[in-house]
Structure formats: C-alpha cells, structure tokens
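Examination of the molecular architecture
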Amino acid sequence: MGVLDGKVAIVTGSGRGIGKEIATTFAAEGAKVVVNDLGVNTDGTGESQIADEVVSEIRAAGGEAVASYDNVATVEGGKAIFQKAIDSFGALDILVNNAGILRDKTLFKMEESDWDAVIAVHLKGHYCCTRPFAQYIRETNRMGCRIINFSSVSGLFGNFGQSNYGAAKSGIAGFSRVIARELGKYRCTVNTISPGAATRMTIPLSEGRGQTVDPTEFKRGPAQIAPVVAYLASDEAKDVNAQIIHVSRGTVGIMQQPAVIRSFKAEDMWTQDQLSELMPKLVEAKKQNEARAKEDGAAEAI
Ligand SMILES: NC(=O)c1ccc[n+]([C@@H]2O[C@H](COP(=O)([O-])OP(=O)(O)OC[C@H]3O[C@@H](n4cnc5c(N)ncnc54)[C@H](O)[C@@H]3O)[C@@H](O)[C@H]2O)c1
C-alpha cells in the first residue's frame, strides 16, 4: 500500500535531479507517472531522451510510467503532456511543475533572450502545464486533485545575478496563491516548494565557492525533496493548501507569506513630513518581524 495508490501524476523535468526523485518516489508510492523531460542542458539548449531511463527504472521496480518529451514552455507542449496522462492512464490527479533552467547574469549583461528563456520555462511553463489540468478538473468536476509548484529562495528572498530566475520563481508563488483560490471549489490543493538540493543546477555554484557536495547524502541530495512532495500529493494532505514549504539541508519548514506587519491610517493626503516620521517606524517593524521569524523558524531536532 502506497500513499498514492491509484493516482495518476505528471512530473515535469523528471529525467534527472529533483524531478527524477519525485517520479520514482511517486511510482514507489503507487502512482502511475508521466515522466516529462525535454532533456536540455542547464541553460535550456539541446535536447535528449533522458526520460526513457527513468521510465525503465520505474518499470524495473514494478511501477508504471510513460515518457513525455514535450516542452513545458509552450501551450502545445503543456497540452501534449496532459494528453499523455489521459491517453496512457485515463485520468489525471497530480501535477508537479518542476522543470527548470538557469541563465544567471547580472541585469547589466542580461540579454532579452536570457530573460525570455527563463521566464518561458518557469513562469509560462507553470501556466502551460496547469491550464489543461485546471480545465479538466472543472469539466469533469474531479475532486481532490493536487498541484505542486516549484519556487526558489532566489525569488522569495532574492539572489544576486538571478533577476530573470528570481522574477519567475517569485511569480510562481503568486500564481500558486491565485490558482489555489480558483480551484478551491474542487478541493484541489495548490502548494509551492522552495527546495535546496545538490543537482547539476547547484553543484557548480557550490564548487565555485570551494565546497564539495555529495548528492547522495540525505541533507544535500535531491532525494530529500521527494517524500515531502509525495506527502503534499497524498489524500492525507487535503488541508494543506496555498502554502510554501521549504525543504533543504535535511529540514522541512513552512514559509511566511506576504502580510502587513504594521500600518498607519490617515484621514487626509499624506504629507512628506508624516512619511519622514512613519517610514522609519515601518522599516523598524519589518526588521523586528524578520528577527522574530528567524528565531521562530530555526530548525528543531526531531
Ligand atoms: N536544486 C536546487 O537547489 C533548487 C533550488 C531552488 C529551486 N530549484 C528548482 O527545482 C526544480 C528542479 O531543479 P533541479 O535542481 O532538479 O534541476 P535539473 O537541471 O537537475 O533538472 C531540471 C530538469 O528540467 C528539464 N527541463 C528544462 N527545461 C524543460 C522544458 N522546457 N520542458 C521539459 N523539461 C525541461 C531539464 O531537462 C532537466 O532534466 C527547478 O524548477 C529548479 O528551478 C532547485
């Protein structure tokens, strides 16, 4: 008995890295899986059929899976990935929007093509893959589906040299909050993962800082993300909705989301003098809130 017995899932970008761990874990938990991957380089160039290897691995372990080589960044690709699930398994319950690329550059050097490529795979990719699923949920009145999206501290906290990626990842958190409301009527939960794991996407950055990382180690590798995603995809997680779950370095945590921390109300138009007095108080309230959140969020041993 697995926690995903009888479910059908799509995991985009699951030919390697975090996605592969999710696809194999889902299959081990009883889901039938569409292993989607375009097989591109980290910068989004090239193509290869790596999804086949993951499908073979799942089948060898007794699970059910099919490969999909469609591009998440196009509307046609998103529809084809969805259709693969319907044609192969007759239904769809879970969508994990995990595919991703990087084109790190400061804004000074960032060309339009770098901006467009990253926004297309991450932010538009979430739209392209989620829309056919959302339409299907509404048309078939399918209850209790799951959507799990992939954000990043790069967008949620901000990171030097990643304005394209950070904008997309922050946008994905906003997209998830809205879709959670729109699909709430169908008891479909929409949650966001903020992962941290040693994959080809991050190993070069660690090595650049002189750190050696072992992706097979629980606290560093991509495998640590998969059980958390499987939990969110399960029936058990029916009341976890519109949350951002941070999974990194052996910790699982819940993130704070935008909220007004302190505010002042005026009856007439703001004067510059009032703002000079109030703005430092607001900034100070934010600092105190951050310090409190940091203290409260420190990982507890289990
Ligand atoms: N590794 C981390 O620490 C980390 C941190 C924050 C966010 N993330 C996010 O987690 C997700 C997985 O990252 P990863 O580290 O496993 O990366 P990865 O490079 O190992 O895997 C990403 C996969 O996505 C596929 N892909 C890329 N573009 C595609 C497209 N257009 N259509 C279909 N497939 C496509 C690639 O071929 C690749 O196999 C990404 O969304 C990434 O931005 C990762």
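Rules used in this analysis
- Residues numbered from 1 in each chain as written.
- Predicted model: local features only at pLDDT ≥ 70, side-chain atom pairs only at ≥ 80, totals over all residues.
- Domains from an automatic or database assignment.
- Near = placed C-beta within 6 Å.
- Helix = DSSP H or I, 4+ residues; strand = E, 2+ residues; numbered from the N terminus.
- Nonpolar A, V, L, I, M, F, W, Y, C, P; charged D, E, K, R; others polar.
- Pairing = 2+ DSSP bridges.
- Axes fitted to C-alpha atoms, helices over the stretch in contact; angles between N-to-C directions.
- Expected span 1.5 Å × (residues − 1).
- Buried ≥ 20, exposed ≤ 12 C-beta atoms within 10 Å, placed from the backbone.
- Arc of directions from axis to C-beta.
- Contact = placed C-beta atoms within 7 Å.
- Core = buried A, V, L, I, M, F, W, Y, C linked by C-beta atoms within 7 Å.
- Parallel < 35°, antiparallel > 145°, perpendicular 65-115°, else oblique.
- Left-handed = near helix turned anticlockwise from the far one by under 90°.

Attention shifts here to the domain arrangement of the chain. Taken domain by domain, the chain comprises domain 1 (8–254) and domain 2 (259–302). Put simply, the middle of domain 1 and the middle of domain 2, counted by C-alpha atoms, are 33 Å apart.

A word on the site of the ligand. Not every one of the 32 residues close to the ligand is listed here, only the nearest: Gly13, Gly17, Gly100, Ser152 and Thr199. Elements with a contribution of two residues or more to the shell around the ligand: helix H1 (17–28) and strand S6 (189–196). Across the shell around the ligand, the residue classes break down as 13 nonpolar, 16 polar and three charged.

Another aspect to go through is the sheet that holds S6. Spatially, eight strands are ordered S3-S2-S1-S4-S5-S6-S7-S8 in an open sheet, and the strand pairing comes out mixed. The strands lining the two open edges of the sheet, one partner per strand, are strand S3 (64–68) and strand S8 (251–254). Each strand axis lies, on average, 20° off the axis of its neighbour in the sheet, ignoring direction. The pairing of strand S1 (residues 8–12) with strand S2 (residues 32–36) spans five bridges and is parallel.

All right, on to helix H3 (residues 75–89) then. Between its first and last C-alpha atoms H3 spans 21 Å; for 15 residues at 1.5 Å apiece the expected length is 21 Å, and the two agree. For H3, the set of buried residues is Gly77, Gly78, Ile81, Phe82, Lys84, Ala85 and Phe89. Across the axial projection of H3, the buried residues extend over an arc of 145°, all falling on one side. Opposite the buried face of H3, at more than 90 degrees from it, the exposed residues are Glu76 and Asp87. Lining the buried residues of H3 we find S1, S2, S3 and helix H4 (112–140). Phi for Gly90, located one or two positions after H3, is positive at around 80°.

Ala9, Ala23, Phe26, Val33, Val35 and Val229 are the most contacted members of the largest nonpolar core, which totals 69 residues. Not counting the four nearest positions on each side in its chain, Phe26 is found in contact with Leu4, Ala9, Val11, Ala31, Val33 and Ala230.

This part is about the environment of Thr12. If you trace the backbone, Thr12 turns up in strand S1. Along the primary structure Thr12 and Leu183 are separated by 171 residues, whereas in three dimensions their C-alpha atoms are 20 Å apart. When neighbours within four sequence positions are excluded, Thr12 is seen to be in contact with Gly19, Asn36, Val72, Ile81, Val96, Asn97, Asn98, Ala99 and Cys129.

What follows deals with unusual backbone geometry. With a phi close to 60°, Ala242 is a non-glycine residue in the positive phi region. Its place among the elements puts Ala242 in the loop between helix H8 (225–233) and strand S7 (244–248). Ala242 sits in the partly exposed class, given 17 other C-beta atoms within 10 Å. Here Arg249, not a glycine, exhibits a phi torsion of approximately 50°, which is positive.

Strand direction decides the pairing type here: S2 and S3, joined by five bridges, are parallel. Paired with Val34 across the strands is Val66, a residue of S3.

So, on to the environment of Arg249. Tracing the chain through its elements places Arg249 in the loop between S7 and S8. A C-alpha to C-alpha distance of 5.4 Å links Arg249 and Arg220, two positions 29 residues apart in sequence. With near-sequence residues (within four places) excluded, Arg249 lies in contact with Gly196 and Lys219.

With that settled, the discussion passes to the pairing of S7. The element S7 is extensively covered by neighbouring structure, given that four of its five residues are classed as buried. As paired strands, S6 and S7 are joined by five bridges and run parallel to one another. Of the residues in S7, the one forming a bridge with Ile193 is Ile245. Summarising the sheet, S7 and S8 pair through four bridges and their orientation is antiparallel. Each residue of the ladder has a partner; that of Ile245, found in S8, is Ile254. Connecting the antiparallel pair S7 and S8 is a turn made up of two residues, with Arg249 showing a positive phi of about 50°.

Two elements in contact, H1 and H8, have axes separated by 8 Å at closest approach and are oriented at 55°. The orientation of H1 with respect to H8, classified from their angle, is oblique. The element H1 and its partner H8 pack so that their crossing is right-handed. Together, Ile18, Glu21, Ile22, Thr25 and Phe26 of H1 and Ile225, Ala226, Pro227, Val229 and Ala230 of H8 make up the contact between the two elements. Residues belonging to the contact of H1 with H8 are distributed by class as follows: eight nonpolar, one polar and one charged.

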